[in-house]
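Now for the letters of each chain:
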Amino acid sequence: MTPIRDGGVRPAGVTAQGWAWRHAGRPRPAVQGLNLDIRAGERVLLLGPSGAGKSTLLHALAGVLGDTNDDGGEAGDSDESGSLLIDGQPPRAQRGRAGLMQQDPETQVILSRLGDDVAFGAENLAVPPAEIWTRVHEALDDVGLGHLPLDHPTSALSGGQKQRLALAGILAMRPGIILLDEPTANLDPAGVLEVRDAVGRCLEKTGATLVVVEHRVAVWKDLVDRIVVLQPGASNDGAVLIDGPPDLVLEQAKEMLIRAGVWVPGHVPATRQRGSAAALPPGTAGTGQLLLAAEKLAVSRERPRRRGFKKLPPTPVQTGISAQVRAGEALTVTGPNGSGKSTFALTLAGLLKPVAGAVSATLELSAGAGIDPYKWKAEQLISRIGTVFQEPEHQFVTGRVLDELLFGPRHLGHGEERVDELLERLRLTSLVDANPYTLSGGEKRRLSVATVLAAHPQVLVLDEPTFGQDATTWAELASFLSELLDAGAAVVSVTHDQEFSSVLGGTELAMGTPEMAAS
Amino acid sequence: MREALTLRSESLLSRANPLAKFAAVFLITLVLALSIDWVSATVALGFELLLFPLAGLTPLLLWQRGWPLIIAAALGGWSTAILAPDAGRILLDVGIWSISAGSLELGLGFMLRGLAIALPAVLLMSCTDPTDLADALAQKAKLPHRFVLGTLAAMRLVGLMAEEWQTIGMARRARGVGSRGTPLQRLRATLGQSFGLLVQAIRRASRLAVTMEARGFGGAQRTWARESTYSRLDVWVLVGGTVIAAAAVTAAIGAGTWNLVWASTGYPHNT
């Protein structure tokens, strides 16, 4: 490839004609019959239900489709038909013409020093070294990271900063088209705006074409000038369902978009209201019964470290946390990233040892297992406190959805009859034989909640349960949890999502400053 | 791990080319590997300790970074002193353990040699940034850049994997998989956790590979924003390494303790 030497950006146009792609080992194509023209400099928001092939299209435009898919498999027998071109050329033949940002901030960072990471793409395009450093400084300024030294460690950046760093690395290649694949799905609200604004500034300056995939329309609506809605590839009448200016599409296709799980601005998905269930079933703990209490807790994920012969205690990320968990009541833990919300939740759930202070279970919850949940055996823990992790895959222990659900009850020796009800309730019945790792994001989330509930815990702890979820999964989850609360369970959730916490009600524990009490 | 990977130090030796440092350390190690005697090891060790301030290391930092190696060297020396065949005057005799003048000398030589070989490695790691090393390997040693940069990027993920291991362990306990219990149960839990980690590692690695490819990685031509260069400092580093190695050999031959490993019968001849 010849390096781009003029210093400017030439916006790229996209043409797709009857384009189709089937991943290796999949029976159906991910995208089929795609006809789409994107003019140079246009800004497009790509919407559609999961499985509509949005990511596949972005990967194809970035020229990285076909080497490996997300499952790490080699794509030996994938199929392509029709044509997908950038400026009339196949994307693969134009290294550096398109720049791609993916969802997981950790895998968007390549090198350990800030400046080196930004320079990486330009180096690969054989840009002369002196010009690379000019581009690096310019790109870092453009994304608002110019105040950091070039040897700043990339591991010390926040999620939003990492995504902005990735954007800088892309800008240093001077691409004609920028492709963003759910760039803010893993970020807190502040991080989302940081990244969105940085993208906006860079587009203003370079005039590059933009294609962004994102569930949350409100974030990107004002930045794009066109919305394209894709539908799953198996249909015959073409891959593009709707195409037009944002306001028009949102007005005309509102109902359809809502059904497809898209977060339409100004619309909060309908959820079940708290307290509308019938009276508590007999035998459940009465509402308001204290189950679990945290007393002046100091929390940390670190274990004691060794320095020579000396043992250093871990440095707590948060201290002096007191909170109470009561039957039938929700506790929402909020606060900025790094304030120790998740660490607190994991400590409360008996998974981390408190650095100081204590977590104590009342007799109502412990039922003879002892006062300290951290000391409970795993089987004792899951039937009392269930924890749903942010990343569902971390909790999968078998290779089949049904086995996943039966795992807890089998270990406990009871409760298998509840599994059918959970399958039904969380719409997993048709997936019983599937491998959990092959499910969509929403299905994985529903499965991870179902597996934990199969052990029938009285306390449910959820870490960012709504992160990156579409509106349909969000509404199902919120309704389901409000039902559990009315049935007498206690729900502790770590979340940035205010709408979610208002559905659940209860108390809020705001982290950030020490000595917060939730009563 | 992560802390070590992003280590920045502004010491004199951190500015030298990693390949020159490697060559110097190699020379010293080679000489020390040739002979088991306490004179050459002591001379080399003495010089090395003088060099540590140049790498920005204080005795305390040295102990914190290298304590496992230092303890291993001491243990190695102790067990050699006990187990080597006796020669010369018996100094200590407790049951099956006996230390003679000969075995003590051999043990001491072992310990000093262990230290003299281990410390340059600690020194090298604490004044060499992995990125600079990769630059030197690709640009100066002409190793394939795909391999070098791929390894460098993967090393970043190793640090993340340590965190991931802890998270998966907790996530599995929350599913009822105990990591406590009988050794067999613990082994089974560890295997399951390893599998979970492997799945996550492969996913992360393939996403990272996509990121790198999308940034144009893998082409035949490439420029280097950080040019790896040799300077006058590197000449001094090489000279330093040669002087230490030569001094160690000369001193040992002069003292009559030079004792080639393959000519050795297991204990020094000249006691």
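Predicted, not measured: the structure shown is a model, and the values here were computed from it.

Peer 1: Describe the sheet that holds strand 7 (residues 209–213) of chain A, naming the residues involved and giving the relevant values.
Peer 2: Residues and elements named next belong to chain A. Strand order in the open sheet made by the 6 strands is 5-6-7-3-8-9, with mixed pairing throughout. One side of each edge strand has no neighbouring strand; the edge strands of this open sheet are strand 5 (98–101) and strand 9 (240–244). Ignoring which end each strand starts from, the neighbouring axes of this sheet average 15° apart. Examined bridge by bridge, strand 3 (residues 43–47) and strand 8 (residues 226–230) share 4 bridges and lie parallel to one another. Within strand 8, the residue paired with leucine 46 across the bridge is valine 228.

Peer 1: Break down the sheet that holds strand 1 (residues 14–22) of chain A for me, with residues and values.
Peer 2: All names here are of chain A. Sheet architecture is open: 3 strands sit in the order 2-1-4, paired in antiparallel fashion. Looking along the sheet, the strands with just one partner apiece sit at the ends: strand 2 (31–38) and strand 4 (79–86). The sheet shows a mean angle of 20° between the axes of neighbouring strands, direction not considered. Strands in contact with helix 1 (residues 54–62) are strand 1, strand 2 and strand 4; relative to strand 1, the strand with the most contacts, it is inclined by about 115°.

Peer 1: A description of the pairing of strand 6 (residues 177–181) of chain A should follow, citing residues and the corresponding values.
Peer 2: Residue and element names in this part refer to chain A. When you tally the buried positions in strand 6, you get 5 out of 5 residues, the bulk of the element. Summarising the sheet, strand 5 and strand 6 pair through 4 bridges and their orientation is parallel. Paired with glycine 99 across the two strands is isoleucine 178, which belongs to strand 6. Pairing of strand 6 with strand 7 involves 5 bridges; the strand directions are parallel. Paired with aspartate 181 across the strands is valine 213, a residue of strand 7.

Peer 1: Account for the nonpolar core, naming residues and giving values.
Peer 2: One finds Leu61(A), Leu167(A), Leu179(A), Val211(A), Val459(A) and Val492(A) to be the most contacted residues of the largest nonpolar core, which totals 168 residues. For Val492(A), the contacting residues outside a window of four places in its chain are Val325(A), Leu331(A), Val333(A), Ala345(A), Leu348(A), Val459(A) and Val461(A). Of all hydrophobic cores here, the second largest spans 38 residues; its members include Ala16(B), Leu106(B), Leu115(B) and Ala248(B).

Peer 1: Before we move on, can you summarise the interface of chain B and chain A with the specific residues and values?
Peer 2: With 52 residues of chain B at the interface, the matching set in chain A holds 63 residues. Where the side of chain B that touches chain A is concerned, the elements lending two or more residues are helix 1 (2–5), helix 4 (59–83), helix 6 (130–139), helix 7 (145–173) and helix 8 (183–214) of chain B. Here the element with the most residues in the side of chain B that touches chain A is helix 8 of chain B; it accounts for 16 residues. Its residues placed into classes, the side of chain B that touches chain A shows 21 nonpolar, 16 polar and 15 charged.

Peer 1: Provide a residue-level description of the domain arrangement of chain B, including the pertinent values.
Peer 2: Splitting chain B by domain gives domain 1 (2–129 + 230–263) and domain 2 (141–214). Summarising the inter-unit geometry, the C-alpha centres of domain 1 of chain B and domain 2 of chain B are found 34 Å apart.

Peer 1: I'd like a rundown of the pairing of strand 3 of chain A, residues and numbers included.
Peer 2: All names here are of chain A. Summarising burial for strand 3: 5 of the 5 residues are buried, a large majority. Both faces of strand 3 are covered, namely the face carrying Arg43, Leu45 and Leu47 and the face carrying Val44 and Leu46. Where strand 3 meets strand 7, 4 bridges bridge the pair, whose relative direction is parallel. The residue of strand 7 that forms the bridge with valine 44 is valine 211.

Peer 1: Tell me about the packing of helix 2 (residues 114–124) of chain A against helix 3 (residues 129–142) of chain A, and please be specific about residues and values.
Peer 2: All names here are of chain A. Relative to each other, helix 2 and helix 3 sit at 125°, their axes nearing to 9 Å. Here helix 2 lies oblique to helix 3, going by the angle between them. Read as a crossing pair, helix 2 and helix 3 show a hand that is right-handed. Only Ile132, Arg135, Val136, Ala139 and Leu140 of helix 3 make contact with helix 2, whose side of the interface consists of Gly115, Val118, Ala119, Ala122 and Glu123.

Peer 1: So what's going on with unusual backbone geometry? Residues and values would help.
Peer 2: Residue and element names in this part refer to chain A. Look at alanine 126: it is not a glycine, yet its phi comes out positive at around 60°. The phi dihedral of glutamate 182 falls on the positive side, at around 45°, and the residue is not glycine. With respect to the helices and strands, glutamate 182 occurs in the loop between strand 6 and helix 5 (189–206). Residue classification places glutamate 182 among the buried residues on the basis of 20 C-beta atoms within 10 Å.

Peer 1: Account for the environment of Ala121(B), with residues named and values stated.
Peer 2: Examined against the element boundaries, Ala121(B) turns out to sit in helix 5 (residues 101–126). For the pair formed by Ala121(B) and Val25(B), sequence separation is 96 residues and the distance between their alpha carbons is 7.4 Å.

Peer 1: Kindly report on the packing of helix 2 (residues 18–34) of chain B against helix 3 (residues 38–51) of chain B, identifying the contributing residues and their values.
Peer 2: Axes are the key here: two packed helices are described by the angle between their axes and the distance separating the axes. Residue and element names in this part refer to chain B. Orientation of helix 2 relative to helix 3, taken along the N-to-C sense of each, is 160°, at an axis distance of 9 Å. As summarised for this structure, helix 2 and helix 3 are arranged roughly antiparallel, according to the angle between their axes. Seen from above, helix 2 lies across helix 3 with left-handed handedness. Between helix 2 and helix 3, the contacting residues are Ile28, Val31 and Leu32 on the first element and Ser40, Ala41 and Ala44 on the second. Counted by class, the contact of helix 2 with helix 3 contains 5 nonpolar, 1 polar and no charged residues.

Peer 1: If you had to explain helix 7 of chain B to someone new, which residues and values would you point to?
Peer 2: Residues and elements named next belong to chain B. With 29 residues, helix 7 should cover 42 Å at 1.5 Å per step; its first-to-last C-alpha distance of 42 Å lies within 8% of that length. Helix geometry: helix 7 is bent most strongly at leucine 160, by close to 25°. Every buried residue of helix 7 is accounted for by His145, Leu149, Leu152, Ala153, Arg156, Glu164, Thr167, Ile168, Ala171, Arg172 and Arg173.

Peer 1: I'd like to hear about the domain arrangement of chain A, residue by residue, with values.
Peer 2: Residue and element names in this part refer to chain A. The domains assigned to chain A are domain 1 (14–259) and domain 2 (290–305 + 313–518). The straight-line distance from the C-alpha centre of domain 1 to that of domain 2 is 33 Å. In this complex, domain 1 contributes 12 residues to the contact, which on the side of domain 2 involves 10 residues. Each residue belonging to the side of domain 1 that touches domain 2 can be placed in one class, and the counts come to 4 nonpolar, 6 polar and 2 charged.

Peer 1: How would you explain helix 2 of chain B if you had to name every residue and give the values?
Peer 2: All names here are of chain B. Under the 1.5 Å per step criterion, the end-to-end length of helix 2 is 24 Å for 17 residues, consistent within 8% with the ideal 24 Å. Buried within helix 2 are the following residues: Pro18, Ala20, Lys21, Ala24, Val25, Ile28, Val31 and Leu32. If you follow the buried residues of helix 2, they end up packed against helix 3, helix 5, helix 6 and helix 9 (232–255).

Conventions and cut-offs
- Residues numbered from 1 in each chain as written.
- Chains lettered and ligands numbered in written order.
- Predicted model: local features only at pLDDT ≥ 70, side-chain atom pairs only at ≥ 80, totals over all residues.
- Pairing = 2+ DSSP bridges.
- Helix = DSSP H or I, 4+ residues; strand = E, 2+ residues; numbered from the N terminus.
- Axes fitted to C-alpha atoms, helices over the stretch in contact; angles between N-to-C directions.
- Contact = placed C-beta atoms within 7 Å.
- Buried ≥ 20, exposed ≤ 12 C-beta atoms within 10 Å, placed from the backbone.
- Core = buried A, V, L, I, M, F, W, Y, C linked by C-beta atoms within 7 Å.
- Nonpolar A, V, L, I, M, F, W, Y, C, P; charged D, E, K, R; others polar.
- Domains from an automatic or database assignment.
- Parallel < 35°, antiparallel > 145°, perpendicular 65-115°, else oblique.
- Left-handed = near helix turned anticlockwise from the far one by under 90°.
- Expected span 1.5 Å × (residues − 1).
- Bend = angle between axes of the 7 residues up to and from the residue.

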